[in-house]
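Structural description and commentary
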Amino acid sequence: MADYKQMYLTLLDATEKAINELISAQRACEELYILSSEEEERAEKAENIKLVEK
């Protein structure tokens, strides 16, 4: 007879690993987005300062 408990636990473990991998990737992308936004803000501020100084 098939060991349904073992099959369920195997599937559950793989599902949990996949979800955690997706969460990790999402967090990494969010961090990249935040960093790029901060760089853009700094560049805009620097450009505005140059325009005011002229």
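Structure first, text after, so check above.
Residues numbered from 1 in each chain as written. Predicted model: local features only at pLDDT ≥ 70, side-chain atom pairs only at ≥ 80, totals over all residues. Heavy atoms only, no water.

**Quick word on the pattern of salt bridges**
Summed over the entire model, instances satisfying the criterion amount to 2 salt bridges. Note that Lys-17 is salt-bridged to Asp-13, the shortest N-O span being 3.3 Å. Pair noted here: Lys-17 and Asp-13 are both in helix α1 (residues 4–53), with a separation of 4 residues, about one helical turn. On the basis of relative accessible area, Lys-17 is assigned to the exposed category, the value being 55%. A residue is classified by how much of its surface remains accessible, and Asp-13, at 37% relative accessible area, is partly exposed. Of the charged contacts in the structure, one is a salt bridge between Arg-42 and Glu-38, with a shortest N-O distance of 3.9 Å. Within this pair, Arg-42 and its partner Glu-38 are both found in helix α1, separated by 4 residues, close to a single helical turn. Residue classification places Arg-42 among the exposed positions, given a relative accessible area of 53%. (Salt bridge = Lys/Arg side-chain N within 4 Å of Asp/Glu carboxyl O. Helix = DSSP H or I, 4+ residues; strand = E, 2+ residues; numbered from the N terminus. Buried < 20%, exposed > 50% of the residue type's maximum accessible area, 1.4 Å probe, protein only.)

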